[in-house]
Amino acid sequence: MTVGSQVQGLLISLQSIDAILSSLAIKTKEREASEAFHQGALKTRKVIQEIQKRKGQIEFEEPQYQQT
């Protein structure tokens, strides 16, 4: 398993976490809990963006992603 494929798996997991947190923020009736879930989702999205940038760098650097 390449680093690139591991990072892709990580991104899929983070996107799933984001979806769950967003869903909980909408479904939760308690205002404080809803806000906490929303903030968690926002932080997760920032992490996703950073990992996506890094994934691009990894794909550029790993030989199996380069076309010959």
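A quick note: this is a predicted structure, and the numbers were derived from the prediction, not measured.

Re helix α2 (residues 31–61)
Part 1 of the argument: With 31 residues, α2 should reach 45 Å at 1.5 Å per residue; the first-to-last C-alpha distance of 45 Å fits that figure.
Part 2 of the argument: Along α2, the positions that sit buried rather than exposed are Ser34, Ala41, Thr44, Ile48, Lys55 and Ile58.
Part 3 of the argument: Here the buried face of α2 lies against α1 (3–27).

Considerations on the side chain of Asp18
Part 1 of the argument: As for its position among the elements, Asp18 is in helix α1.
Part 2 of the argument: Since its relative accessible area comes to 14%, Asp18 is described here as buried.
Part 3 of the argument: In this structure Asp18 touches Ala41, Thr44, Arg45 and Ile48, once residues within four positions along its chain are discounted.

Looking at the pattern of salt bridges
Part 1 of the argument: Overall, the coordinates contain 3 salt bridges when judged by the stated rule.
Part 2 of the argument: With a shortest N-O distance of 3.0 Å, Asp18 and Arg45 are connected by a salt bridge. With Asp18 in helix α1 and Arg45 in helix α2, the pair connects residues that are 27 residues apart, well separated along the chain.
Part 3 of the argument: The partner of Glu50 in a salt bridge is Lys53, and the shortest N-O contact between them spans 3.4 Å. Here Glu50 and its partner Lys53 are both found in helix α2, 3 residues apart, which amounts to about one turn of the helix.
Part 4 of the argument: Here Lys53 falls in the exposed class, since its relative accessible area comes to 54%.

So, α1
Part 1 of the argument: With 25 residues, α1 should cover 36 Å at 1.5 Å per step; its first-to-last C-alpha distance of 36 Å lies within 8% of that length.
Part 2 of the argument: Elements in contact with the buried residues of α1: α2.

Basis of the calculations
Residues numbered from 1 in each chain as written. Predicted model: local features only at pLDDT ≥ 70, side-chain atom pairs only at ≥ 80, totals over all residues. Heavy atoms only, no water. Helix = DSSP H or I, 4+ residues; strand = E, 2+ residues; numbered from the N terminus. Expected span 1.5 Å × (residues − 1). Buried < 20%, exposed > 50% of the residue type's maximum accessible area, 1.4 Å probe, protein only. Contact = heavy atoms within 4.5 Å. Salt bridge = Lys/Arg side-chain N within 4 Å of Asp/Glu carboxyl O.

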